[in-house]
Amino acid sequence: MKVGLDVSPLDQTLAGTARYVQGLEGTAGGDIELVRLAHRGRGRAHTVYRDVVWYPVVLPRLAGRGRVDVLHCPTFRGPLTPPACPLVVTVHDLAVLRHPETFNQWTRHYSRLCVSRVVRAARIVIAVSEHTKQELVELLATPAEKIRVVPNGVSDVFSPDGPAEVGDYVLAVGTLEPRKNLARLADATRRLGLELRIAGNTGWGDVRLGSGIPIVEAMASGTPVVTSRGGATEEVAGEAAVLVDPLDPTSIAGGIEVAQERRDELARAGLERARAFDWAETARRTADVYREAAA
């Protein structure tokens, strides 16, 4: 079976979505042959072209010429109507619908008009967490029976013995943009007199954190984790992280102090939790979705 995988996000980001696409390449093998499909190019003009031309027009035509048996779009950017072959769409979160003010104007406009149509066009929707599944049901009225929950994985490069910068510091990982909540984190670390280091490419807007992949990567590295209470990050963390109110710098600062006090305990719990997230298992379950969609 040939599966067309839209790898366009690799030209747009080096963040979680790109790592997800790279992880999906493990689905190749056996009866699954991946066909990489993409509009190449970076920058705003290419982003607009993808949304206006590539996804609604070009990609469905490529997939509809008998070239592939299933088309997989690894984000909610995809065809607006069902293509000739079955469509699988992955939804990582729906924050753009919950909190549109934290996204740039084009993304807000595209999402308001198109996300629900892309999800409806899909034969099967992959949600990366139970929280995301509930968001799909509540915000887009997506039938629960159409959704398959397949968590992300974590690369073997993340381990307690892996390379690390020297010193004691709080590390934030994520694209630098308003929705990452960096201003409150910076406030919290200042209150504690701790150094804040940020790893992430520049996004848009004034920089003022929150996806499941960095949390699991930190756990796999033996690093205590502090994350937001509620939502997908709490689900990913399980009992292996300190949960805080992301809107309250005092709560964030308190969480960091607790993580320092429970460092060894949280490191052990995080390593155990991270074992549940494996790209090989993600790939296997995603391949099962392909077969189900094609049946």
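Our subject is the structure that appears above.
A short tour of the structure in this document, coming up.

The rules behind these values
- Residues numbered from 1 in each chain as written.
- Predicted model: local features only at pLDDT ≥ 70, side-chain atom pairs only at ≥ 80, totals over all residues.
- Heavy atoms only, no water.
- Helix = DSSP H or I, 4+ residues; strand = E, 2+ residues; numbered from the N terminus.
- Buried < 20%, exposed > 50% of the residue type's maximum accessible area, 1.4 Å probe, protein only.
- Pairing = 2+ DSSP bridges.
- Axes fitted to C-alpha atoms, helices over the stretch in contact; angles between N-to-C directions.
- Contact = heavy atoms within 4.5 Å.
- Salt bridge = Lys/Arg side-chain N within 4 Å of Asp/Glu carboxyl O.
- Expected span 1.5 Å × (residues − 1).
- Bend = angle between axes of the 7 residues up to and from the residue.
- Polar contact = N/O pair within 3.5 Å; in protein donor to acceptor, adjacent residues only side chain to side chain.

1. Brief notes about unusual backbone geometry
- Unusually for a residue other than glycine, A141 sits at a positive phi of about 55°.
- Relative to the helices and strands, A141 resides in the loop between helix 5 (130-140) and strand 6 (147-149).
- The exposure class of A141 is exposed, given its relative accessible area of 62%.

2. Regarding the sheet that holds strand 1 (residues 2-6)
- Spatially, six strands are ordered 2-1-3-4-5-6 in an open sheet, and the strand pairing comes out parallel. With one partner strand each, in any of the chains shown, strand 2 (33-37) and strand 6 form the two edges of the open sheet. If you compare each strand with its neighbour and ignore which way they point, the axes differ by 25° on average.
- By the bridge criterion, five bridges tie strand 1 to strand 2 in an arrangement that is parallel. If you follow G4 over to strand 2, its bridge partner there is V35.
- This element, helix 11 (residues 279-294), spans strand 1, strand 2, strand 3 (70-73), strand 4 (87-91), strand 5 (124-127) and strand 6 of the sheet and lies at about 165° to strand 5.

3. Things to note about the side chain of S228
- Looking at where S228 falls in the secondary structure, it is placed in strand 9 (residues 226-228).
- Contacts of S228, omitting those with residues within four sequence positions, involve T233, E234, L243, V244 and P246.

4. Thoughts on the pattern of salt bridges
- This structure, assessed with the given rule, holds twelve salt bridges.
- A salt bridge links R291 to D31; the shortest N-O distance between them is 2.9 Å.
- Residue classification places R291 among the partly exposed positions, given a relative accessible area of 33%.
- Taking the shortest distance from any N to any O, the salt bridge between R284 and D288 comes out at 3.2 Å. On the criterion of helical spacing, the pair formed by R284 and D288 is a turn pair, its members being four residues apart in helix 11.
- When its relative accessible area of 44% is taken as the criterion, R284 is described as partly exposed.

5. Side note on helix 4 (residues 105-121)
- In this model helix 4 runs 24 Å from its N-terminal to its C-terminal C-alpha over 17 residues, within 8% of the 24 Å that 1.5 Å per residue would give.
- The largest bend along helix 4 measures about 45° and falls at C114.
- The set of residues buried in helix 4 consists of W106, T107, Y110, S111, C114, V115, V118, V119 and A121.
- Elements in contact with the buried residues of helix 4: helix 2 (44-63), strand 4, helix 3 (95-98), strand 5 and helix 5.
- Between the side-chain oxygen at the start of helix 4 and the backbone nitrogen of W106 there is a gap of 3.1 Å, and the oxygen is on N104.

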